[in-house]
Amino acid sequence: MAGTMNRLDANEQAFFKRQTEYIKSKTYDKKYRMLKAKQFIPVSTEVPSGSQFVTWRSFSKIGQAKIIADYANDFPRVDVYGEENTAKVYGIGSSYGYSIVEIRRAQMAGVNLSTMRADAARRAHEEKEDKLAWLGDADYNIPGFIDYPGITEGTLTTGAGGNTWALKTPDEIIADFTALKLAVSVPTNGVEEITQILLPRAQYELVNSKRMTDTNKTILAYFRDNNPGVSVDVLDQLDGAGDSGKDRMMGYVKDPDHLVQEIPQMFEQMDPDTVGMEYVTACHSEFGCVVVYYPSSVAYIDGI
């Protein structure tokens, strides 16, 4: 019957139970640096596991005060209007298993069961969550950060030799960095200022190696020195992410008050079930969506 360990004897069962705890602890400690969504988009676990929907509200304040005369009764009225948004929470699943023969061989040899399958199961979840965070899923109506509705499109500056960064001078590239920053700060009257810029890999390597005309600094070092509050990093998903397959750069305010990815349930492993001659462990996590509370705090420029 599923859920029982009647195919192993008492010693084998005790060994396997110890192994499952070992496998789980090893898997939870595993890190993968190349998946960057959790590095660049703050994670929120505020929504309880098991929730069907993620709901967030935004409010707008309208009205203003004015100078009044003595005994006035025409005080200007102010008010607050709210807007509610809802997204569905989706479960993500994978599984791995060990045959009874593998368990017995490991016990006889006095070695631990390999954690590679458990690592692969966790990796599958991490990859899926990372892809959903950046690119979303149109079939499930999940918006991704790279094409999030309502974010601002900046204008690529015109270069003397061409508009892509491979054809631009260092000063022209710096002008594009500035244009990206202004695409956020100007429409918001300085209320929002970019703190994070993401570039495709080729463009990042270019600005990290090509030097400014009149200094010994690279373009990237020059920009960072003159914009100490702004981080610049690589995001491979921006390669060809723009309109007509153009490379995209993005800038935004990186903090959980501006954007988060809702993950109600982090990766977890269930107790093993018997399926034929195998013990199968189901793995589960939950993903809501990326929420950009202030779309005007995010901008992009295509064609670099």
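Up top you'll find the structure we're talking about.
Attention here is on the structure that accompanies the text. (Residues numbered from 1 in each chain as written. Predicted model: local features only at pLDDT ≥ 70, side-chain atom pairs only at ≥ 80, totals over all residues. Heavy atoms only, no water.)

## With respect to the overall build of the protein
For the protein, the helix and strand inventory stands at seven helices and 16 strands. Over its C-alpha atoms, taken along the principal directions, the protein stretches across nearly 85 × 65 × 35 Å. Expressed as a percentage of its 304 residues, the buried residues of the protein come to 43%. Approximately 16,700 Å² of the protein is accessible, and the part contributed by carbon and sulfur atoms is 50%. (Helix = DSSP H or I, 4+ residues; strand = E, 2+ residues; numbered from the N terminus. Buried < 20%, exposed > 50% of the residue type's maximum accessible area, 1.4 Å probe, protein only. Areas by Shrake-Rupley, 256 points an atom, 1.4 Å probe, with all protein chains shown as cover.)

## Considering the pairing of strand β9 (residues 231-234)
Burial along β9 is one-sided: the residues Val232 and Val234 are buried and none of Ser231 and Asp233 is. Judged from the four bridges that link them, strand β8 (residues 196-199) and β9 form a sheet pairing that is parallel. In the sheet register, Leu199 faces β9, and the bridge partner there is Val234. (Pairing = 2+ DSSP bridges.)

## Remarks on the sheet that holds strand β16 (residues 298-302)
Sheet architecture is open: five strands sit in the order β7-β16-β10-β8-β9, paired in mixed fashion. The open sheet is flanked by β7 (152-153) and β9, the only strands paired with a single partner. Lying on the sheet, helix α5 (residues 170-185) is in contact with β7, β8, β9, β10 (248-252) and β16; it crosses β16 at an angle near 145°. (Contact = heavy atoms within 4.5 Å. Axes fitted to C-alpha atoms, helices over the stretch in contact; angles between N-to-C directions.)

## Some remarks on the pairing of β8
Burial of the side chains of β8 extends over both faces: Gln196 and Leu198 are buried on one face and Ile197 and Leu199 on the other. Bridging between β8 and β10 involves three bridges; their strand directions are antiparallel. Bridge pairing links Gln196 to Tyr252 in β10.

## As for the sheet that holds strand β11 (residues 259-262)
Backbone hydrogen bonds are what pair the strands of a sheet, in a parallel or an antiparallel way. Strand order in the open sheet formed by three strands is β1-β11-β15, and the pairing between neighbours is mixed. Edge positions in the sheet fall to β1 (43-44) and β15 (290-292), since each of these pairs with one other strand and no more. In terms of strand pairing, β11 meets β15 through three bridges, oriented antiparallel. Bridging across to β15, Val260 finds its partner in Val291.

## Structural notes on the environment of Pro170
Structurally, Pro170 is set in helix α5. Pro170 gets classed as buried once you look at its relative accessible area, which sits at 7%. As a C-alpha pair, Pro170 and Ser114 span 56 residues in sequence and 51 Å in three-dimensional space. With residues up to four places along the chain from it excluded, the contact list for Pro170 reads Lys210, Arg211, Met212, Thr213 and Ile219.

## Quick look at the packing of aromatic side chains
Tallying each qualifying case throughout the model produces seven aromatic pairs. Judged by centre distance (4.9 Å) and plane angle (70°), the ring pair of Phe145 and Tyr252 falls under edge-to-face. Placement of Phe145 in the loop between β6 (142-143) and β7 and of Tyr252 in strand β10 is noted, with a sequence separation of 107 residues between them. Residue Phe145 is classed as buried on the basis of its relative accessible area, which comes to 0%. For Tyr252, a relative accessible area of 0% translates into the label buried. Taking 5.3 Å as the distance between ring centres and 45° as the angle between the ring planes, the aromatic pair formed by Trp165 and Phe177 counts as tilted. (Phe/Tyr/Trp six-rings, centres within 6.5 Å; stacked < 30°, edge-to-face > 60°.)

## Structural notes on the pattern of salt bridges
Applying the stated criterion across every chain yields a total of twelve salt bridges. Across the pair Glu12 and Arg104 runs a salt bridge, and its minimum N-O distance is 3.1 Å. Note that Glu12 is positioned in helix α1 (residues 10-28) and Arg104 in helix α3 (residues 100-109), a separation of 92 residues in sequence. Across the pair Lys217 and Asp225 runs a salt bridge, and its minimum N-O distance is 2.6 Å. Several salt bridges share partner residues, and in doing so they unite Lys38, Arg122, Glu126 and Glu129 into one network. (Salt bridge = Lys/Arg side-chain N within 4 Å of Asp/Glu carboxyl O.)

## Observations regarding the nonpolar core
Ranked by internal contacts, the top residues of the largest apolar core, which has 33 residues, are Trp134, Phe145 and Met250. Those elements giving two or more residues to this core turn out to be α2 (37-40), β2 (53-62), α4 (116-135), β10, β11, β15 and β16. Not counting residues up to four positions away in its chain, the partners in contact with Met250 are Phe145, Ile146, Ile151, Leu180, Gln196, Ile197, Leu198, Leu238, Val298, Ala299 and Tyr300. Of all hydrophobic cores here, the second largest spans 26 residues; its members include Ile174, Leu180, Val184 and Met212. (Core = buried A, V, L, I, M, F, W, Y, C linked by side-chain atoms within 4.5 Å.)

## Details of α4
Spacing of three or four residues puts side chains on the same side of an α-helix, whose turn is 3.6 residues. In a regular helix each residue adds 1.5 Å, so 20 residues correspond to 28 Å; α4 covers 28 Å between its end C-alpha atoms and thus fits that length. What α4 keeps buried is the set Ala118, Asp119, Ala121, Arg122, Arg123, His125, Glu126, Glu129, Asp130, Leu132, Ala133 and Trp134. Looking at the residues trailing α4, positive phi occurs at Gly136, about 70°. (Expected span 1.5 Å × (residues − 1).)

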